[in-house]
Number of protein chains: 2
Amino acid sequence: MAEKEDKMNVEKAILDAATEEFLSKGFSGARTVAIAEKAGVTHAMLHYYFRTKEKLFECIIDTVIKELIDSVTEAYKRQDASLSFEDRVVAVMNAHLDFIIAKPQLPSFLFMEIFPSTENFKLIKEKASSALGSLNTQLKETLESANNNEEIDNISLPMLISDVVTLNAATAISSQLATKLLNITKEEYVAMRKQENEILIRKRLKK
Amino acid sequence: MAEKEDKMNVEKAILDAATEEFLSKGFSGARTVAIAEKAGVTHAMLHYYFRTKEKLFECIIDTVIKELIDSVTEAYKRQDASLSFEDRVVAVMNAHLDFIIAKPQLPSFLFMEIFPSTENFKLIKEKASSALGSLNTQLKETLESANNNEEIDNISLPMLISDVVTLNAATAISSQLATKLLNITKEEYVAMRKQENEILIRKRLKK
DNA sequence: TCTGCCATTAACAGAATTGTTAAACAAATT
DNA sequence: AATTTGTTTAACAATTCTGTTAATGGCAGA
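All of these numbers come straight from a predicted model, not from anything done at the bench.

Undergrad: Whenever I open this one, the relation of the copies chain B and chain A confuses me. Can you help?
TA: By a simple turn and slide, chain B fits onto chain A: the slide is 0.0 Å along the axis, the RMSD is 0.1 Å, and the turn is 180 degrees. In the structure described here, the two chain copies are related by an operation that fits a two-fold rotation axis. In this assembly the copies share their binding face: 100% of the residues contributing to the interface of chain B also contribute to that of chain A.

This is the structure in structure tokens:
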């Protein structure tokens, strides 16, 4: 059993190092030797376990996407049904932000490496749509009834999602600039943005 | 004179090809031979004119940043002073969006290639602050008086700028996904987002 | 204890990519 | 026409990076 744990440790070490390297430098900027070094193994080991750089990259994408989807579904599930539509949107948005802030390079990585590539995009679209399909129809219904009951100022689902994702992604990305541009810590900046995003969405949904 | 024009054409051709290559693939993903091919010259010419890939990259950054700054200052200058604060913010935001939509890979390029690198970031910060310094103090005053006169719902300058830049950058980035995710053209999506961004900002500024 | 399997290492091979050089060439100047 | 200057080309050198291989060592089960 000890050897299996050892094996997992090596694999895990490589995956962790690879995640860091790929997310911060992108596929072409990442170096397999650098990954191996970070993981504390010879670079032959990396090829032994993952064959090629491409295959290793795909593993990283898989886990990253899985985590992303999980974070959204979790946040959505953990909702209090007694809350108003507005409160629920804000709750999901904030949960989503917390996840994304933990991996702030993720959004720009997605935009730079995944979305432009047709194959990579297809890959994650399939995964996402099978995992998020039911959530989407659920959302659609909830939004429709909110629109019809005149609870909120009318808005389409794509624009609402776009608003939330946009504000959160940009918060994560720009948080890396906080200390460089404004003289505040990243945490302070994120707290400010969180508040501001909430104001924006609430005002948007109010009639 | 003909030879000078020729020289400019070659240089320009390389610069144009390099801009496309660097913006879409990033520094490490870009290939100097691919740039040379696109420009229709041998790849030795590229080195003859620009010495190294790094130097060529710096030239691209220079022009890209210059264009970005110009677009903002132009948009700000072209303002109608008789407009309300809210209307002016919207006008500048829309002008900025039009520029950015012409180069939709620009935001993710900046986030992936420029901002994480301390040297590159320093470079553009200097340029930007010297060019945008006066604009910043101007903005500060305008916003302060708007805040004090209770024209608008109170907001800090960093958050206002962050809102505008965020919404525009995200619109540009996500516009590349419009046809892939929703069944609409990029132009339709941008038009929708433009409208939505305007709604968001106006509601944000209203008391 | 022997055998076979798996993990690991070090050295190396191969490919891709950047950068150089020497020679040819073209245009302008004397 | 000869010289000079700067441009262009093709071949090549150098490096960097990915991927392979053959040899080593340990450990489990026969």
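Undergrad: Looking at this structure, how should I read the protein's contact with DNA strand D?
TA: The immediate surroundings of DNA strand D are formed by 17 residues, with Arg31(A), Thr32(A), Met45(B), Tyr48(B) and Tyr49(B) found nearest. Looking at DNA strand D alone, sugar and phosphate atoms form 67% of those within 4 Å of the protein. Within the side chain of Arg31(A), an N or O atom sits 2.8 Å from a phosphate oxygen of DNA strand D. The separation between a phosphate oxygen of DNA strand D and a polar side-chain atom of Tyr48(B) is 2.6 Å. Mapped by element, the contributors of at least two residues to the surface near DNA strand D are helix 2 (32–39), helix 3 (43–50) and helix 4 (53–77) of chain A together with helix 1 (2–29) and helix 3 (43–50) of chain B. In terms of residue count, the dominant contributor to the surface near DNA strand D is helix 3 of chain B (four residues).

Undergrad: Looking at this model, I keep getting lost on the pattern of salt bridges. Mind explaining?
TA: All names here are of chain A. All told, the structure shown has 36 salt bridges over all chains when counted by the stated rule. Put simply, Asp87 and Arg202 hold a salt bridge, and the shortest N to O gap is 2.8 Å. Of this pair, Asp87 sits in helix 5 (residues 85–102) while Arg202 sits in helix 10 (residues 186–205); the two residues are 115 residues apart in sequence, bridging distant segments of the chain. Each of Glu86, Asp87, Glu198, Arg202 and Lys206 takes part in a single network of salt bridges with overlapping partners.

Undergrad: How should the protein's contact with DNA strand C be read in this particular structure?
TA: Near DNA strand C there are 17 residues, and of these Met45(A), Tyr48(A), Tyr49(A), Arg31(B) and Thr32(B) occur at the shortest range. In DNA strand C, the atoms that sit within 4 Å of the protein are 66% sugar and phosphate, with bases accounting for the remainder. Within the backbone of Ala30(B), one N or O atom sits 3.4 Å away from a phosphate oxygen of DNA strand C. Within the contact set of DNA strand C, a base nitrogen lies 3.0 Å away from a side-chain nitrogen or oxygen of His43(B).

Undergrad: I tried to follow helix 10 (residues 186–205) of chain B on my own but got confused; where do I start?
TA: The α-helix winds at 3.6 residues per turn, so residues separated by three or four positions along the chain end up facing the same way. With 20 residues, helix 10 of chain B ought to run about 28 Å at 1.5 Å a step, and its terminal C-alpha atoms sit 28 Å apart, in line with that. Along helix 10 of chain B, the positions that sit buried rather than exposed are Tyr189(B), Val190(B), Arg193(B), Glu196(B), Asn197(B), Leu200(B), Ile201(B), Lys203(B), Arg204(B) and Leu205(B). Tucked inside the fold, the buried residues of helix 10 of chain B contact helix 8 (157–175) and helix 10 of chain A together with helix 5 (85–102), helix 8 (157–175) and helix 9 (178–181) of chain B.

Undergrad: How should I be thinking about the domain arrangement of chain A in this particular structure?
TA: Where the parts come together, the accessible area they lose is often given as the size of the interface. Residues and elements named next belong to chain A. On domain assignment, one finds that chain A holds domain 1 (1–51) and domain 2 (58–205). Distance between the C-alpha centres of domain 1 and domain 2: 30 Å. Contacts between the two partners involve nine residues from domain 1 and, on the opposite side, seven residues from domain 2. Counting each side, the surface lost to burial between domain 1 and domain 2 is near 730 Å², with a carbon and sulfur contribution of 78%.

Undergrad: What is the right way to look at the packing of helix 4 of chain A against helix 6 (residues 106–114) of chain A in this model?
TA: The description of two helices packed together rests on the angle between their axes and the distance between the axes. Residue and element names in this part refer to chain A. Contact geometry for helix 4 and helix 6: axes closest at 13 Å, N-to-C directions at 130 degrees. The pairing of helix 4 with helix 6 is recorded here as oblique in orientation. Viewed along their axes, helix 4 and helix 6 form a crossing whose handedness is left-handed. Where helix 4 abuts helix 6, its residues Phe57, Ile61, Val64, Ile65 and Leu68 lie against Leu106, Phe109, Leu110, Glu113 and Ile114. Each residue belonging to the contact of helix 4 with helix 6 can be placed in one class, and the counts come to nine nonpolar, no polar and one charged.

Undergrad: In this structure, what is going on with the environment of Tyr189(A)? I would like to understand it.
TA: Looking at the secondary structure, you find Tyr189(A) in helix 10. Of the residues examined, Tyr189(A) reaches a relative accessible area of 4% and is grouped as buried. Spatially, the C-alpha atoms of Tyr189(A) and Leu139(A) are 30 Å apart, while their sequence positions differ by 50 residues. Setting aside its immediate chain neighbours within four residues, Tyr189(A) contacts Thr171(A), Ser174(A), Ser175(A), Ala178(A), Leu182(A), Ile184(A), Met159(B) and Ser162(B). For Tyr189(A), the side chain forms a polar contact with the side chain of Ser174(A), separated by 2.9 Å.

Each value, and the rule that gives it
- Residues numbered from 1 in each chain as written.
- Chains lettered and ligands numbered in written order.
- Predicted model: local features only at pLDDT ≥ 70, side-chain atom pairs only at ≥ 80, totals over all residues.
- Heavy atoms only, no water.
- Least-squares fit on C-alpha atoms with pLDDT ≥ 70 in both.
- Contact = heavy atoms within 4.5 Å.
- Near = heavy atom within 4 Å.
- Polar contact = N/O pair within 3.5 Å; in protein donor to acceptor, adjacent residues only side chain to side chain.
- Helix = DSSP H or I, 4+ residues; strand = E, 2+ residues; numbered from the N terminus.
- Salt bridge = Lys/Arg side-chain N within 4 Å of Asp/Glu carboxyl O.
- Expected span 1.5 Å × (residues − 1).
- Buried < 20%, exposed > 50% of the residue type's maximum accessible area, 1.4 Å probe, protein only.
- Domains from an automatic or database assignment.
- Buried area = accessible area lost by both parts, 1.4 Å probe.
- Axes fitted to C-alpha atoms, helices over the stretch in contact; angles between N-to-C directions.
- Parallel < 35°, antiparallel > 145°, perpendicular 65-115°, else oblique.
- Left-handed = near helix turned anticlockwise from the far one by under 90°.
- Nonpolar A, V, L, I, M, F, W, Y, C, P; charged D, E, K, R; others polar.

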